[in-house]
Amino acid sequence: MKNILKKDFFITYKSKYWWVLLIIVAIFVSLFTTIKYNQSSFFADNSMSNVADNSFVVGQTNNTVFSYIETMICSDVLIMFSSIFTVMIVLQDFQNGFIKNIWINIDKKYNYIFSKLIIIALFVLTTFLLTILIVFMLDKFFFKFDQIGNFNKFFSMLLKQFFLHTAFLSVILLMSIVFRKILIVVIATIVYLAFGQPLLYSAINLLVNKLFKIAENFEIGKYLLFGNIERTRMAVSETDSIRAILIAAVCLFISQILSYWFIKNKDII
């Protein structure tokens, strides 16, 4: 395990895409925070501070540092770039044929999967820390938010989101191993996160509500990983938090087992 992890760290460090993605993340966080701040200022100046938020990503935000960080972490921005990183780190061995040289020397094949997951989790942590740093810098030098916010609620949200992000990326890891085509997995992930999931969720919700006529409106997003990433905010209820963590744990476990099965049984060459 140690040697595999050292190999993955070395390859990742030598590659350029990880810091290119972090630079893009920094740009997006800066732009989105600026837009969000200007939106909030506009609403406040026009006595529209009570306008309801009509999505989980764009809309009103409390004027605290933590709330702006929360908006970025609970949106599709960080998870999208982390997904691209996941595909690249998983498939880099397959693209250049390096996997053929190391596969026979790996005694416990699961360590290969687990090593990738550790690298991915560290990248998620890096994007979180980078987002926190940028928002705090924007607050200090440009915007002057009202206050920092509630640290306990923020830290709790951060831990839950780290687990949810890692679980979601574990599914991307599985998809990468199954399809082994960078372009296919990257495009499918971006389309789902940026465009497909709102339409897909709406269609499923409408179909279920029409067919079963449930008293309370059914929301498929509550039972999917990305839907819970959007919903697990500082103000989330305990029930919703428990459901999100359980769903993430199940997805993480199943995706890791399936990844191990595919990597072990599918022709590695």
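As a starting point, this report considers the structure included with it. Small disclaimer: the values here were computed from a predicted structure and weren't measured. (Residues numbered from 1 in each chain as written. Predicted model: local features only at pLDDT ≥ 70, side-chain atom pairs only at ≥ 80, totals over all residues. Heavy atoms only, no water.)

### Quick look at helix H1 (residues 2-14)
Spacing of three or four residues puts side chains on the same side of an α-helix, whose turn is 3.6 residues.
Phase 1 of the analysis: If you check H1, its first and last C-alpha atoms are 18 Å apart, about what 13 residues at 1.5 Å a residue would give, namely 18 Å.
Phase 2 of the analysis: Buried within H1 we find Ile4, Leu5, Lys7, Asp8, Ile11 and Thr12. Projected down its long axis, H1 shows its buried positions confined to an angular sector of 160°, all on one face. Counted as exposed and oriented over 90 degrees from the buried face of H1: Lys2, Asn3, Lys6, Phe10, Tyr13 and Lys14. (Helix = DSSP H or I, 4+ residues; strand = E, 2+ residues; numbered from the N terminus. Expected span 1.5 Å × (residues − 1). Buried < 20%, exposed > 50% of the residue type's maximum accessible area, 1.4 Å probe, protein only. Arc of directions from axis to C-beta.)

### Details of a nonpolar patch on the surface
Phase 1 of the analysis: Taken together, the side chains of Trp19, Val20, Ile23, Ile27, Phe28, Leu31, Phe32 and Ile35 present a nonpolar region at the surface, about 700 Å² in accessible area.
Phase 2 of the analysis: By the secondary structure assignment, Trp19 is in helix H2 (residues 17-45).
Phase 3 of the analysis: Take Trp19: its relative accessible area is 40%, and that puts it in the partly exposed class. (Patch = residues over 30% accessible without salt bridge, like charges linked within 9 Å, V, L, I, M, F, W, Y side chains within 5 Å. Areas by Shrake-Rupley, 256 points an atom, 1.4 Å probe, with all protein chains shown as cover. Salt bridge = Lys/Arg side-chain N within 4 Å of Asp/Glu carboxyl O.)

### Overview of helix H6 (residues 110-143)
Phase 1 of the analysis: Between its first and last C-alpha, H6 extends 47 Å over 34 residues, near the 50 Å set by a 1.5 Å rise per residue.
Phase 2 of the analysis: Once H6 finishes, Lys144 follows within two positions and takes phi at roughly 60°, a positive value.

### A closer look at the nonpolar core
Phase 1 of the analysis: Ile69, Phe85, Phe154 and Phe168 are the most contacted members of the largest nonpolar core, which has 68 residues in total.
Phase 2 of the analysis: When residues of this core are assigned to their parent elements, the largest contribution, 13 residues, is made by H6.
Phase 3 of the analysis: Apart from residues lying up to four places away in sequence, Ile69 is in contact with Thr131, Ile132, Val135, Phe136 and Phe154. (Core = buried A, V, L, I, M, F, W, Y, C linked by side-chain atoms within 4.5 Å. Contact = heavy atoms within 4.5 Å.)

### As for empty space enclosed by the protein
Phase 1 of the analysis: Taken as a whole and judged by the stated rule, the model has one cavity of 30 Å³ or more.
Phase 2 of the analysis: Of the voids in this model, the largest cavity is the one considered here, and its volume is about 30 Å³.
Phase 3 of the analysis: In terms of lining residues, the largest cavity is bounded by Met80, Ser83, Ile84, Val87, Val185, Val186, Thr189 and Ile190.
Phase 4 of the analysis: Of the residues contributing to the lining of the largest cavity, the split by class is six nonpolar, two polar and no charged. (1 Å grid on protein atoms, 1.4 Å probe; cavity = no way out; pocket = protein on both sides within 12 Å on 5 of 7 lines; lining within 4 Å. Points joined across faces, edges and corners; volume = space filled by probe spheres on them. Nonpolar A, V, L, I, M, F, W, Y, C, P; charged D, E, K, R; others polar.)

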